[in-house]
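Residues per chain, in single letters:
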Amino acid sequence: MKAAGKGKGKGAKKAPKTFDKAAWLAEKAAKIEDAKAMLEAGLGALQTSDEWKAMLTSVAKNARRRLSVSRYSFRNQILVAMQCPTATSVAGFQAWKGVGRNVKKGEKGIAILSPRTFKREHTLASGEVKEVGGVYFQTVYVFDVSQTEGEALPEPPKFRMDVDDDATFHSYQEKIADVALAIEKQDGQSAAPVSSMVFKTSAELRAEGAMSCPGALGWYSQSTRGIVIVADHNRTTQFHTACHEVAHALLHPVGSAHSSPEREVEAESVAFIVCHALGLDTGCASFPYVATWAQRASGGSSATKMVQESGARIVKAAHIILDVLLGDADAVAIVDGDEMQSAAE
């Protein structure tokens, strides 16, 4: 017979683990800093026209895919590309379960930064209590479809704009004009930025005395608030030019602080994404100004911050145009991972 002792018996309970809050907070902060460093590296890599074009091509390719990478902010698209360059459809652990798929055991999540807001009361020197708020970031994790298994995802819809079909082309002309005319006025403007959009040949424009930019494919006049597309060129060029000019109206109101080269690369980037998402080959697009971002800063902002801000504006404008062209049923909301779960079990 075994004598009673103080040793561990078969039914003895394990002592509860002590939660180390300081260590948890330190680990959490380290993960956020790692993600920010990765983002900085990814943005810093976008220093040539080819690298910028490759990024835009990825955005366009995945623009209408369910659970698309392109649903995320530009910042998080860069983070996903840095960790999983082949990613197409990404979502959090619970979001994948919601569509009948499960994250495979042992898969490592793709870290992204998700914004969170906070509010708290602050007592002023006068004794007045005032509510203040702000934004902070948390690291959350998403997984590419290749890291999951289960029910097949439906094939993404294939959109191809048939510019040779009169009805289709004229329909898209009307839709892109709708985008322009629906742009709301911003601070400092007495009216909405666009009052009209027309497609006319150079002969028609000369006859009207309205050929204000000879040799141009199109232009936006801040004085008349009208967009003009020169209809002498093929339909793909006309549509691409229309997207370019509408992007200017969306992104560059009167008094915009952005330089002319910055405005041009933003407008051309938006047109590139929209046209490629619609299957239109717009030729050899070039973005030479991108190369100077790495050496330039404005208003105290770092070069990478400039790239991030510009990229976010481009992605948002491209989605605004695509959502109108393809209809509300296909609209893609840009998210930052607010609904994401942090890891697979």
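Conventions adopted
- Residues numbered from 1 in each chain as written.
- Predicted model: local features only at pLDDT ≥ 70, side-chain atom pairs only at ≥ 80, totals over all residues.
- Heavy atoms only, no water.
- pLDDT = per-residue confidence, 0-100.
- Contact = heavy atoms within 4.5 Å.
- Helix = DSSP H or I, 4+ residues; strand = E, 2+ residues; numbered from the N terminus.
- Expected span 1.5 Å × (residues − 1).
- Buried < 20%, exposed > 50% of the residue type's maximum accessible area, 1.4 Å probe, protein only.
- Polar contact = N/O pair within 3.5 Å; in protein donor to acceptor, adjacent residues only side chain to side chain.
- Pairing = 2+ DSSP bridges.
- Phe/Tyr/Trp six-rings, centres within 6.5 Å; stacked < 30°, edge-to-face > 60°.
- Lys NZ or Arg CZ within 6 Å of the ring centre and 35° of its normal.
- Axes fitted to C-alpha atoms, helices over the stretch in contact; angles between N-to-C directions.

S.K.: Explain the confidence of the model for the chain to me, please; I cannot follow it from the model alone.
M.R.: When pLDDT drops low, the exact placement of atoms in the prediction is not to be read closely. On average, residues of the chain score 77 in pLDDT, and 72% of them are at 70 or above. Below a pLDDT of 50 lies the segment residues 328–345, which in the model reaches 55 contacts outside its immediate sequence neighbourhood of four places, other chains included.

S.K.: I'm lost on helix 7 (residues 235–251) in this one. Help?
M.R.: It helps to recall that an α-helix has 3.6 residues per turn; residues three or four apart then point in one direction. In this model helix 7 runs 24 Å from its N-terminal to its C-terminal C-alpha over 17 residues, within 8% of the 24 Å that 1.5 Å per residue would give. Of all 17 residues making up helix 7, 15 are buried, and the element is well covered by its neighbours. In this structure Asn-234 caps helix 7, since a side-chain oxygen of it lies 3.1 Å from the backbone nitrogen of Thr-236.

S.K.: What am I meant to see in the pairing of strand 7 (residues 218–221) here?
M.R.: Looking along a regular strand, one sees the side chains alternate between the two faces of the sheet. Neither face of strand 7 is left uncovered, since the one carrying Gly-218 and Tyr-220 and the one carrying Trp-219 and Ser-221 both have all their residues buried. The hairpin turn running from strand 7 into strand 8 (residues 226–230), its antiparallel successor, is 4 residues long, and Arg-225 in that turn takes a positive phi close to 60°.

S.K.: I would appreciate a short explanation of the packing of aromatic side chains in the present structure.
M.R.: Centre-to-centre distance and the angle between the planes together describe a pair of aromatic rings. Applying the stated criterion across every chain, the model contains 2 aromatic pairs. Lying over the aromatic face of Tyr-172, Lys-175 brings its terminal NZ or CZ to 5.3 Å of the ring centre.

S.K.: Explain the sheet that holds strand 6 (residues 196–200) here, please?
M.R.: Within a beta sheet, neighbouring strands are joined by backbone hydrogen bonds and run either parallel or antiparallel to one another. Read across the sheet, 3 strands follow the order 6-8-7 without closing on themselves; strand pairing throughout is mixed. Each edge of the open sheet is held by one strand with a lone partner, namely strand 6 and strand 7. Strand-to-strand twist of the sheet, defined as the mean angle between neighbouring strand axes without regard to direction, takes the value 15°. Note that strand 6 and strand 8 share 5 bridges and pair parallel. When the bridges of strand 8 are listed, Phe-199 appears paired with Ile-229. Docked against the sheet, helix 5 (residues 166–181) engages strand 6 and strand 8, running at close to 150° with respect to strand 6. Most of the contacts of helix 7 go to strand 8, to which it runs at about 160°, and overall it touches strand 6, strand 7 and strand 8.

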